[in-house]
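# Coordinate inspection notes
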Amino acid sequence: MPSINQVRGAKPAGDGRRVVQSDSVLARARPAAELEGSAFLQMLLYGKNRIGKTTLACQFDKPLLLICNDPKNNGGADAVRKMAGITVLRQGEELHGSADVEKLGHELKAKCPFGSVVVDGLQSLEEILLAEICGWSETALMLQFPGKKDGPARAGMKVTMDQYMERSERIRKVLRPFVDLKGRHVIYTATEKDHN
């Protein structure tokens, strides 16, 4: 990163700050470390499958909690298994449905030992919620049905508009504790849906 040199005419103020007596805008720049406010991000990484969303998300402060909602043997968790400082919770293994994700969010909101939290695979969490709302016996069914990219109707599964609307309301409720986390980075990832 290029350095910024102070312009002639900058004089120290009584409190140690430098007062610029120049018409240079660049001379007014200051180190980001001096800025007040939160240094923590809430971010959504959205893109095609297998482009590095999870790997990028796992570059944030450690220790880091990676919450994997993608189906087993899928998603970005495999790409980060050799990275130090990452703890993983996976749907179908340590997590069982949307209620566990919401409960985890409340636990983290009460006391979070992690510097960063990654909620990976929002599109899969939406599918899990839809399966729960529709009463399908296994939430994993929604993640593995034939013709997945064509949607549930193609696979013979009927979903009403009310059920889709309920899914939208419930995903907000499940994610609210994560949105409310303070003092740490929270990164969400979602895979772009292929509508072709």
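Structure shown above.
My aim in this report is to walk through the structure given alongside it, one point at a time. Per-chain numbering applies: the sequence of each chain, read as written, is numbered from 1 onward. The model is predicted, so local features are restricted to residues of pLDDT at least 70 and side-chain atom pairs to those at 80 or more, both for listing and for counting; the totals for chains, interfaces and linings are taken over all residues. Think of the side-chain values as coming from all heavy atoms in the structure, minus any hydrogens and water.

## Structural notes on the sheet that holds strand 6 (residues 116-120)
Following DSSP output, two strands are said to pair if at least two bridges run between them. Runs of H or I in DSSP of at least four residues are treated as helices and runs of E of at least two as strands, each being numbered from the N terminus. Judged by pairing direction, the sheet is parallel, and its five strands sit side by side in the order 3-7-6-4-5 without closing on themselves. Two strands bound the open sheet, and with one partner strand each, they are strand 3 (42-47) and strand 5 (86-90). Averaged over all pairs of adjacent strands, the angle between strand axes in this sheet comes to 15°, irrespective of strand direction. With four bridges connecting them, strand 6 and strand 7 (residues 185-191) associate as parallel partners. Paired with Val118 across the two strands is Ile187, which belongs to strand 7. In what follows, residue pairs with any heavy atoms lying within 4.5 Å of each other are defined as contacts. Here the axes come from fitting lines to C-alpha atoms, over the contacting stretch only for helices, and the angles between their N-to-C directions go from 0 to 180 degrees. Docked against the sheet, helix 3 (residues 122-134) engages strand 3, strand 6 and strand 7, running at close to 75° with respect to strand 7. Contacts from helix 5 (residues 161-179) reach strand 3, strand 4 (64-68), strand 6 and strand 7, with the element oriented near 145° to strand 7.

## Observations regarding the nonpolar core
One recurring pattern in soluble globular proteins is that nonpolar side chains are buried together. Ranked by internal contacts, the top residues of the largest apolar core, which has 21 residues, are Ile67, Leu108, Val117, Val119, Leu175 and Phe178. The set of elements that each furnish at least two residues to this core consists of strand 4, helix 2 (98-110), strand 6, helix 3, helix 5 and strand 7. In terms of residue count, helix 5 provides more of this core than any other element does, four residues in total. Those residues within four positions of Val117 in sequence are excluded, and the remaining contacts are Leu65, Ile67, Leu108, Cys112, Phe178, Leu181, His185, Val186 and Ile187. Among buried residues, the Ala, Val, Leu, Ile, Met, Phe, Trp, Tyr and Cys ones that are joined through side-chain atoms within 4.5 Å form a nonpolar core. Only protein chains enter the accessibility calculation, which uses a 1.4 Å probe. A residue is then buried if its area is under 20% of the maximum for its type, exposed if over 50%, and partly exposed in between. Of all hydrophobic cores here, the second largest spans twelve residues; its members include Leu45, Cys58, Val118 and Ile187.

## A look at the pairing of strand 4
In terms of burial, strand 4 is a largely internal element, five of the five residues being buried. The two faces of strand 4 match: Leu64, Leu66 and Cys68 on one face and Leu65 and Ile67 on the other face are all buried. Of the strand pairs in this sheet, strand 4 and strand 6 are connected by five bridges, and their pairing is parallel. Each residue of the ladder has a partner; that of Leu64, found in strand 6, is Ser116.

## Some thoughts on the environment of Tyr46
With respect to the secondary-structure elements, Tyr46 resides in strand 3. Accessibility expressed as a relative area gives 53% for Tyr46, which makes it exposed. In the structure, Tyr46 is positioned 76 residues away from Leu122 in sequence and 9.6 Å away in space, judged by C-alpha atoms.

## Details of helix 2
Take the residue count of a helix, subtract one, and multiply by 1.5 Å to get its expected span. In this model, helix 2 (13 residues) spans 19 Å end to end at C-alpha, consistent with the 18 Å of a helix rising 1.5 Å per residue. Within helix 2, burial applies to Ser98, Val101, Glu102, Leu104, Gly105 and Leu108. Taken around the axis of helix 2, the buried residues stretch over an arc of 160°, which confines them to a single face. Residues Ala99, Lys103 and Ala110 are exposed on helix 2 and point more than 90 degrees away from its buried face. Contacts made by the buried residues of helix 2 are with strand 4, strand 5, strand 6, helix 3 and helix 5. What the arc describes is the spread of directions from the helix axis to the C-beta atoms.

## Digging into the pattern of salt bridges
Once the charged atoms of two side chains with opposite charge are near each other, the side chains can pair. A pairing counts as a salt bridge when a side-chain nitrogen of Lys or Arg comes within 4 Å of a carboxyl oxygen of Asp or Glu. Taken as a whole and judged by the stated rule, the model has seven salt bridges. For Lys173, the salt bridge identified is with Glu102, shortest N-O distance 3.0 Å. On the criterion of sequence distance, the pair formed by Lys173 in helix 5 and Glu102 in helix 2 is long-range, its members being 71 residues apart. Here Glu169 ties to Arg172 by a salt bridge, and the two come within 2.5 Å at their closest N and O atoms. Note that Glu169 and Arg172 are positioned in helix 5 at a spacing of three residues, about one turn of the helix.

## Brief notes about the packing of helix 2 against helix 5
One way to put it is that helix 2 packs onto helix 5 with a least axis distance of 7 Å and a crossing angle of 25°. In this view, helix 2 runs roughly parallel relative to helix 5, as classed from their interaxial angle. The crossing of helix 2 and helix 5 is left-handed. Contacts between helix 2 and helix 5 pair Ser98, Val101, Glu102, Leu104, Gly105, His106, Leu108 and Lys109 from the former with Arg170, Lys173, Val174, Pro177 and Phe178 from the latter. Here the contact of helix 2 with helix 5 is composed, by residue class, of six nonpolar, three polar and four charged. An angle counts as roughly parallel when it lies under 35 degrees, as roughly antiparallel when it exceeds 145, as roughly perpendicular when it falls between 65 and 115, and as oblique in every other case. A crossing counts as left-handed when the near helix is turned anticlockwise from the far one by less than a right angle, and as right-handed when that turn is clockwise. Charged residues are taken to be Asp, Glu, Lys and Arg, nonpolar residues to be Ala, Val, Leu, Ile, Met, Phe, Trp, Tyr, Cys and Pro, and polar residues to be all remaining types, Gly included.

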